[in-house]
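For reference, the chains in residue letters:
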Amino acid sequence: MLKRLFLNPDNLWARIQKTEEAPDGELLYTPVIVVADDTHTHVYLSGQTARQADGSVESDDMRLQIRHTCENIGIGLNHVGATFDDVVTSTTFVLDLQEYYQVSDERFKFFKKNRPASTLIQISALGLPKCKIEITCEAIIETSRLTV
Amino acid sequence: MLKRILLNPDDMWSRVENGELLYAPITVVSDDTHTHIYLSGQTARLASGELKARDMRSQIRQVCENIKRGLGHVGATLDDVVTSTTYVLDLQEYYRVSDERFKYFKNNRPASTLIQVSSASIPGTLIAINCEAIIETERLQVS
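Since the model is a prediction, treat every value here as computed from it, not as a measurement. Positions within a chain are numbered from 1, following the residues in the order the chain's sequence is written. Lettering for chains starts from A, numbering for ligands starts from 1, and both go in the order in which the items are written. Confidence filtering applies because this is a predicted model: local features only for residues at pLDDT of at least 70, side-chain atom pairs given and counted only at 80 or more, and all residues used for totals across whole chains, interfaces and linings.

### Some details on the overall build of chain A
Point 1. When helices and strands are tallied, chain A shows two helices and nine strands.
Point 2. Put simply, DSSP marks the helices as runs of H or I at least four residues long and the strands as runs of E at least two long, and each gets a number from the N terminus on. The secondary structure elements of chain A, listed N-terminal to C-terminal, are β-β-β-β-β-α-β-α-β-β-β.
Point 3. Atoms counted for the radius of gyration: C-alpha only. Globule rule: 2.2 Å times the number of residues to the power 0.38. Its C-alpha radius of gyration of 16 Å places chain A within 12% of the 15 Å reference for a compact globule of 148 residues.
Point 4. Counting only C-alpha atoms and orienting by the principal axes, one finds that chain A spans roughly 45 × 45 × 20 Å.
Point 5. Counts of 20 or more other C-beta atoms within 10 Å of a residue's own C-beta define buried residues, counts of 12 or fewer define exposed ones, and intermediate counts define partly exposed ones; C-beta atoms are placed from the backbone. Expressed as a percentage of the 148 residues in chain A, the buried residues total 36%.
Point 6. Each residue is represented by a C-beta atom placed from its backbone, and any two residues with such atoms within 7 Å are regarded as in contact. Put simply, of all contacts in chain A between residues at least 6 apart along the chain, 77% involve residues at least 24 apart.

As structure tokens, this is what we get:
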């Protein structure tokens, strides 16, 4: 039997929308999803940007946005007992590849050892216009390490 | 031992050139306990390749119908989707009618990413969604 967990950590931003059916607002997606069997556990993070838990974006600077994005990924991973070393694949969406390349060393302060199979794409816009970068990640850990 | 299944159902559109399938619409990788399901990015194209839905709301509906059909081919449901990436041509247009999506993704909402791109698939395509699902292998049914 698989265990499925749908997690919405307080210290990660998530989009909540009020609807007729849910006047108090409902979560439009799950920030952290975990699917576990006896041996291994998959961890899926919603695409992370530089948004703080309150929804604000502190800076337009690409380097700072990379740092905040990676910090948010760290929060999501840490929430279930995973680390950057456990990330197996990532997709990075940026508004401007050249701007990203100039400061992409910032990312490798976080992804230090095991570097995931990765894809990098330039796109025309992210959900919030101020965001310049978004990173999605998938990680796998031993189920014995899963802590929520 | 892993079981791998590559499916190309008749009721889903897929790209064939010179008699060769360019990608698998549905890929399944399964061990004794759990089964991963990967769907190719779904657009509003019908199995025939036609794009009848022209506005964003009806395209979202058709895309979700296509995803549901793909998942149904292996015994999975929308509740089993763990992650999705949504590509749209116009974010504002998407936000105005995105409630349509939540008529399908009702309970378990996947870890998600939303991106605006400059084009997707054939002209007229406004949205494409990629999905990955996981189910217990005992639920796997290929049809």
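### Some details on the overall build of chain B
Point 1. Counting its regular elements, chain B contains two helices and eight strands.
Point 2. Helices and strands appear in chain B in the N-to-C order β-β-β-β-β-α-β-α-β-β.
Point 3. Over its C-alpha trace chain B gives a radius of gyration of 15 Å, about what one expects of a compact globule, namely 15 Å for 143 residues.
Point 4. If one aligns the C-alpha atoms of chain B with their principal axes, the spans along those axes are about 45 × 40 × 20 Å.
Point 5. Taken across its 143 residues, chain B has 40% of its residues classed as buried.

### Considerations on the interface of chain A and chain B
Point 1. Listed by partner, the interface residues are 26 residues for chain A and 20 residues for chain B.
Point 2. Secondary structure elements with two or more residues in the side of chain A that touches chain B: strand S4 (32–36), strand S5 (40–48), strand S8 (125–126) and strand S9 (133–142) of chain A.
Point 3. Per-element tally for the side of chain A that touches chain B: the top contributor is S5 of chain A, with five residues.
Point 4. Bridge analysis of S8 of chain A against strand S7 (residues 111–116) of chain B gives two bridges, and the strand direction is antiparallel. Opposite Leu126 of chain A, over in S7 of chain B, you have Ile115 of chain B as the bridge partner. The pairing criterion is simple: DSSP has to find at least two bridges between the two strands.

### Section: the nonpolar core
Point 1. Linking buried Ala, Val, Leu, Ile, Met, Phe, Trp, Tyr and Cys residues through C-beta atoms within 7 Å yields a set, and such a set is a nonpolar core. Membership of the largest hydrophobic core comes to 61 residues, with the highest contact counts inside it found for Val43 and Ile133 of chain A together with Ile37, Val82, Ile127 and Ala133 of chain B.
Point 2. Ranked by residues supplied to this core, first place goes to strand S8 (residues 127–136) of chain B with seven residues.
Point 3. Other than its neighbours up to four places away in sequence, Ile127 of chain B contacts Met56, Gln59, Ile60, Val63, Thr86, Tyr87, Val88 and Tyr94 of chain B.

### Some words on the sheet that holds S5 of chain A
Residues and elements named next belong to chain A.
Point 1. The mixed open sheet is built from six strands, whose spatial order is S1-S4-S5-S9-S6-S7. This sheet does not close on itself; its edge strands, each paired only once, are strand S1 (3–7) and strand S7 (117–122). Averaged over neighbouring strand pairs, the angle between their axes works out to 10° when direction is ignored.
Point 2. In this structure, strand S6 (residues 87–94) lies alongside S7, joined through six bridges in parallel fashion. By the bridge assignment for S7, Ser90 is matched with Ser118. Angular values range over 0 to 180 degrees, each being the angle between N-to-C directions of two axes fitted as lines to C-alpha atoms, with helices fitted over their stretch in contact.

### Some details on the sheet that holds strand S4 (residues 26–30) of chain B
Point 1. Taken in spatial order, the seven strands make up an open sheet running S8(A)-S7(B)-S6(B)-S8(B)-S5(B)-S4(B)-S1(B), and their pairing is mixed. Two strands lie at the open edges of the sheet, namely S8 of chain A together with strand S1 (3–7) of chain B, each paired on one side alone.
Point 2. In this fold helix H1 (residues 56–72) of chain B packs onto S4, strand S5 (34–42) and S8 of chain B, with an angle of close to 30° to the strand it touches most, S8 of chain B.

### Describing the confidence of the model for chain A
Point 1. pLDDT measures the predictor's confidence residue by residue and takes values from 0 up to 100. Per-residue confidence for chain A gives a mean pLDDT of 94, with 100% of residues at or over 70.
Point 2. Here strand S2 (residues 16–17) of chain A is the element of chain A with the lowest mean pLDDT, 83, and helix H1 (residues 62–78) of chain A is the one with the highest, 98.

### Some thoughts on unusual backbone geometry
All names here are of chain B.
Point 1. Of note, the phi angle at Asn18 is positive, near 50°, even though the residue is not glycine.
Point 2. Tracing the chain through its elements places Asn18 in the loop between strand S2 (16–17) and strand S3 (20–21).
Point 3. Of note, Ser121 is a non-glycine position whose phi angle comes to about 50°, a positive value.
Point 4. Secondary-structure assignment places Ser121 in the loop between S7 and S8.

### Some points on H1 of chain B
Residues and elements named next belong to chain B.
Point 1. Between its first and last C-alpha atoms H1 spans 24 Å; for 17 residues at 1.5 Å apiece the expected length is 24 Å, and the two agree.
Point 2. Of all the residues in H1, the buried ones are Met56, Gln59, Ile60, Val63, Cys64, Asn66, Ile67, Gly70 and Leu71. The arc enclosing the buried residues of H1, seen along the axis, measures out at 155°, which places them on a common side.
Point 3. As for H1, its buried residues are in contact with S4, S5, helix H2 (91–97) and S8. A helix is expected to span 1.5 Å for every residue after the first. What the arc describes is the spread of directions from the helix axis to the C-beta atoms.

### Here's the deal with H1 of chain A
What sets the pattern is the α-helix's 3.6 residues per turn: residues three or four places apart point alike.
Residue and element names in this part refer to chain A.
Point 1. Spanning 17 residues, H1 covers 24 Å between terminal C-alpha atoms, matching the ideal 24 Å at 1.5 Å per step.
Point 2. For H1, the set of buried residues is Met62, Gln65, Ile66, His68, Thr69, Cys70, Asn72, Ile73, Gly76 and Leu77.
Point 3. Along its buried surface, H1 packs onto S4, S5, helix H2 (97–103) and S9.

### Regarding the environment of Leu45 of chain A
Point 1. Mapped onto the elements, Leu45 of chain A comes out in strand S5.
Point 2. Given 30 C-beta atoms within a 10 Å radius, Leu45 of chain A is considered buried.
Point 3. Sequence separation between Leu45 of chain A and Thr136 of chain A is 91 residues, and the spatial gap between their C-alpha atoms is 6.3 Å.
Point 4. Ignoring anything within four residues of it in the chain, the contact list for Leu45 of chain A reads Pro31, Val32, Ile73, Gly76, Thr136 and Cys137 of chain A together with Ala111 of chain B.

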